[in-house]
Amino acid sequence: MLSRNLLDRDTFSKSDPLVVLYTQGVESKQWREFGRTEVIDNTLNPDFVRKYILDYFFEEKQNLRFDVYDIDSKSPDLAKHPTEFNDFLGQVYCTLGEIVGSPASRLEKPLGGIPGKKCGTIILSAEELGNCRDYATMQFCANKLDKKDFFGKSDPFMVFYRSNEDGTFTICHKTEVVKNTLNPVWQPFSIPVRALCNGDYSRTIKVEVYDWDRDGSHDFIGEFTTSYKDLCRGYSQLNVYEVVNAKKKIKKKRYVNSGTVSLLSFNVESEHTFLDYIKGGTQIHFTVAIDFTASNGNPSQSTSLHYMNPYQMNAYAMALKAVGEIIQDYDSDKMFPALGFGAKLPPDGRVSHEFPLNGNVENPYCTGIPGILEAYHQSLKTVQLYGPTNFAPVVNHVARYAAAVQDGSQYFVLLIITDGVISDMAQTKEAIVNAAKLPMSIIIVGVGQAEFDAMVELDGDDIRISSRGKLAERDIVQFVPFRDYMDRTGNHVLSMARLAKDVLAEIPDQLISYMKSRAIKPNSAPPPPYSPGPPKTELCVGLGLSKD
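Residues numbered from 1 in each chain as written. Predicted model: local features only at pLDDT ≥ 70, side-chain atom pairs only at ≥ 80, totals over all residues. Heavy atoms only, no water.

## So, the sheet that holds strand 22 (residues 384–385)
Piece 1. In spatial order, the strands read 19-18-22; together these three strands make up an open sheet with antiparallel pairing. Both outer strands of the open sheet, strand 19 (350–352) and strand 22, are each paired with one neighbouring strand and no more.
Piece 2. Two strands pair when backbone bridges link them, and strand 18 (residues 343–345) and strand 22 are joined in this way by two bridges, in the antiparallel orientation. Opposite Lys344, over in strand 22, you have Gln384 as the bridge partner. (Pairing = 2+ DSSP bridges. Helix = DSSP H or I, 4+ residues; strand = E, 2+ residues; numbered from the N terminus.)

Now the structure itself:
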């Protein structure tokens, strides 16, 4: 961590700076101290050593505050360092997503908090902790296994166990069953290296071989041991293992083994993470599509889902804000297309299922989430709610942009907010199946009290969506009903945080699944941009990626 050009608060020497990181609770909104750097004495250009290690969640808005102090007391109590104009050197607010989503995961912001003073600049950098992310892919075969079935041969399968520190074993993989053979060839399988040996390459791996029985009472054929270090030698005579049944060996003097198992192939690849792609420059483009069908009710009446209550956002605005405020951190220009569907447009009253909320067909982009909300409010005053509820046009709209950029540099997220039963189900399913081949995800939020059974079908969590006999290449749709997130206590901040968390949780895996399907690897992070002028404050934030 580097600091440059800080305010000088001391009369006879330079400042003794320290940086304090605060995180904000989702529910309480209270700021809590998370950690602080060491104090560097008598300098305006300190080189900090200490880093902050935070859990990162793409689907959450993680607010951060960095306060910079000149420490003149040995007391850790910051109350003894008043924040008016004495020892306070400035502060900055941001989200963890802003830091991660910036080019090369490096965010530059000016310090503020002291009226009339230039407090310098802070640069926040993020890097993912380098946990073992290697995946091992291997294939085995066996030869002359014991015959266990009376009327046939054996139906062998293998079970792999990782050894623990206390001498016990934990199951980590089970192969498929190969029917009626004593010389099976199992399919290749992939497993995280940490699951196989927990990072200890010499740790014992035990493999048990069984004959499968329908009633679950599988017959033990034998076992052998190996290690990750041994497996890394690949296909060789060193990776041919005797399968031994200890009980059989005791009973039979001439017993040699119960067959052999051989390693046919072994390959290790590093699994790329969502943050690898974001740090490599992948931009996430956000588009919103809002339902303007008549079933929403007259916007001028309080019973309408589009009613603009001066004291509270309606469901459309709340859902848009909750999701958009998180995704916007990953789009550098913060310009978002906003579309409407199901309305009659002026001046001729034609029905459109793909119209720009700002009225500009050539440039449907709005500036930030406030810009989208403003365009939405204006549209309610100019268009006539009509129908039907057609999704396919807006899905195809975003798909056209996604189809033009399939090199991994951009990924598109479409948020559809709707109140009703879908009218063009067949066309929408076809559009989604086609979009599943593209760098694209779709989020659907259902508002109101309608039945949303069709939306669950589009979600494809249980059964992958298909159209005309063609199965979607990936699951790219996430649906949630807004009513499931309404807090009875009226705490909309907490309920919208839960909604955003649920609808966005699958985006990182969906992005990775597209990249893997196209064998796209993340670019190495671009170098930090050159900033002429005086040196600036730099903070380095270490990140621990967690999805739990």
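## A closer look at helix 12 (residues 507–517)
Piece 1. Ile507, Pro508, Gln510, Leu511, Ile512, Tyr514 and Met515 are the residues of helix 12 that are buried.
Piece 2. Where helix 12 is buried, its residues touch helix 5 (274–279), strand 23 (410–418), strand 24 (440–446), strand 27 (477–481) and helix 11 (492–504).
Piece 3. Downstream of helix 12 by one or two residues, Ala519 has phi in the positive range, about 55°. (Buried < 20%, exposed > 50% of the residue type's maximum accessible area, 1.4 Å probe, protein only. Contact = heavy atoms within 4.5 Å.)

## Brief notes about the environment of Ile326
Piece 1. Mapped onto the secondary structure, Ile326 falls in helix 6 (residues 315–327).
Piece 2. Of the residues examined, Ile326 reaches a relative accessible area of 5% and is grouped as buried.
Piece 3. For the pair Ile326 and Ala500, spaced 174 residues apart in the sequence, the C-alpha separation amounts to 8.0 Å.
Piece 4. When sequence neighbours within four positions are dropped, the list of residues in contact with Ile326 reads Phe58, Glu59, Glu60, Lys61, Ala500 and Leu504.

## Quick word on the pairing of strand 9 (residues 156–163)
Piece 1. Burial analysis of strand 9 places eight of its eight residues in the buried class, which makes it a mostly covered element.
Piece 2. Burial of strand 9 is two-sided: the residues Pro156, Met158, Phe160 and Arg162 facing one way and the residues Phe157, Val159, Tyr161 and Ser163 facing the other way are all buried.
Piece 3. Here seven bridges tie strand 9 to strand 12 (residues 204–211), and the two strands are oriented antiparallel to one another. If you follow Met158 over to strand 12, its bridge partner there is Val209.
Piece 4. Of the pairings in the sheet, the one linking strand 9 to strand 10 (residues 169–174) comprises five bridges and is antiparallel in character. Looking at the pairing, Val159 lines up with Lys174 of strand 10.
Piece 5. Taken together, strand 9 and the strand that follows it, strand 10, pair antiparallel across an intervening segment of five residues, in which Gly167 is found at a positive phi of about 90°.

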